[in-house]
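Breakdown of the fold
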Amino acid sequence: MLRCSFCGRRAVYDRRYAGVMLCDRCLIKSVEKRFRGAVAKHKLISPGERIAVAVSGGKDSVACLHLLAGYCSWRNCELVAITIDEGIRGYRDHSLPIVEENAELLGVKHFVVSFKQAFGTTLDQIVHLAKRHKTGLNPCTYCGVMRRSLLNQAAREVGANKLATAHNLDDEVQAIMLNYVRADFSRLHRLGPIYPPREGFVPRIKPLREVPEKETALYVLLRELNVHLAVCPYSGGIHIEIRDFLNDLEEKHPNSKFMILRMFDRLKPKIAQGMPEFEMRKCEVCDEPTSANVCKTCELLKQLGLAKQRKMLI
Amino acid sequence: MKTIVVSVKILSKRQKQHIKLPTRAKVAGLLDALDLNPQTVVVRCNGKIVTEGERLVSGDLVEIIPIVTGG
């Protein structure tokens, strides 16, 4: 039997990048410490703030919800949970009750905003329309853009000071690599633990940015939290290839993911220096903030012959 | 060569399978035989979460939980 490097109990995790074994208790403590460390280091949350957290019901968002609930009660902050129901049959309908259950357990107010309510259609229908219109865009493009837009709008409507998302180390490193591969400087320089405030945007924070995906999974399993572990039926594309490449790299060369993140954090101020400042405007169609005349969501919807309504979500 | 047989259930699949491994095989060896990257799964052996360095014995019931679910 392998033993914990700190307390000698039965080990459940070999943290190869740090050369230590962890038992259940030490792993839970360590994830909580990383979370609090990231919040303190990057000043993600101030006392008394209202924090909205995006919760899909997956392991990362459920872990983030529970960690934030503990932190918010300690720092006298108010926490609200927001779920975006994209309308993915056989997937999102299974995760919604799980979010509800976790929010109720923690006494956190929970809001659900659906694509159907905002755009008059579901992601399933959007994917169908995109194929018919031969847009060449994959479902993740629609889902990512539209979900981010609705999350921001919902967070603003509930009066949140910050919008927390459950991006873990793996997500962040995948995004860094994806933007390198696409040479997308404008998206690359926006990555980081906090996306600064801009008119109409609720600042987004990522308190799990330094927690590897496997550790958030172990955290929820060891704490026996109810999570949705299914794979999104639309998952695919270059993003998956980058994810697999990074997992192979980490397996052969432990600590690679952290090193990519550290290097990016050192480069980021230099990347940001080269980026032109842009003026924030209101989308001509839906009034949401954008740097162009029409926001990306409305642009995508227009290609499909759809339009977003100017209306409150909550 | 002496071998052991363990029962393996992957959470995303319904069927249980029996895998033959060399004696003193570890969880890492089982994942290798199944072509699974340890970064992407959590392994339970007889109901307890274990590390990849844990040794397996004949008759062990191994449950593999894929954790990479995002799109």
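Residues numbered from 1 in each chain as written. Chains lettered and ligands numbered in written order. Predicted model: local features only at pLDDT ≥ 70, side-chain atom pairs only at ≥ 80, totals over all residues.

1. A word on the pairing of strand E3 (residues 50-54) of chain A
Residue and element names in this part refer to chain A. When you tally the buried positions in E3, you get four out of five residues, the bulk of the element. Bridge count for E3 against strand E4 (residues 78-85) is five bridges, and the pairing is parallel. Opposite Ile 51, over in E4, you have Leu 79 as the bridge partner. In the classification by handedness, the crossover that spans E3, the intervening helix H2 (residues 59-74) and the parallel E4 is right-handed. Two strands pair when backbone bridges link them, and E3 and strand E6 (residues 162-164) are joined in this way by three bridges, in the parallel orientation. For Val 53, the partnering residue across the bridge sits in E6 and is Ala 164. (Buried ≥ 20, exposed ≤ 12 C-beta atoms within 10 Å, placed from the backbone. Helix = DSSP H or I, 4+ residues; strand = E, 2+ residues; numbered from the N terminus. Pairing = 2+ DSSP bridges. Right-handed = clockwise from strand over helix to strand, strands pointing away.)

2. Here we look at the nonpolar core
Counting residues in each nonpolar core, the largest one holds 92 residues, and the members touching the most others are Val 12, Ile 51, Val 53, Cys 64, Leu 65, Leu 68 and Ala 81 of chain A. Broken down by element, this core gets its largest block of residues, nine residues, from H2 of chain A. Not counting chain neighbours up to four residues away, the residues in contact with Val 12 of chain A comprise Leu 22, Cys 23, Asp 24, Leu 27, Leu 218 and Leu 222 of chain A together with Ile 49, Val 50 and Thr 51 of chain B. (Core = buried A, V, L, I, M, F, W, Y, C linked by C-beta atoms within 7 Å. Contact = placed C-beta atoms within 7 Å.)

3. A look at the sheet that holds strand E1 (residues 3-10) of chain B
All names here are of chain B. Here we have five strands laid out as an open sheet, ordered E2-E1-E5-E3-E4, and mixed in their pairing. Each of the sheet's edge strands pairs with one partner strand only, and the pair in question is strand E2 (16-22) and strand E4 (48-50). For this sheet, the mean inter-axis angle between neighbouring strands, taken without regard to orientation, is 35°. In the sheet, E1 pairs with strand E5 (residues 61-66) via four bridges, with the strands oriented parallel. The residue of E5 that forms the bridge with Ile 10 is Ile 64. (Axes fitted to C-alpha atoms, helices over the stretch in contact; angles between N-to-C directions.)

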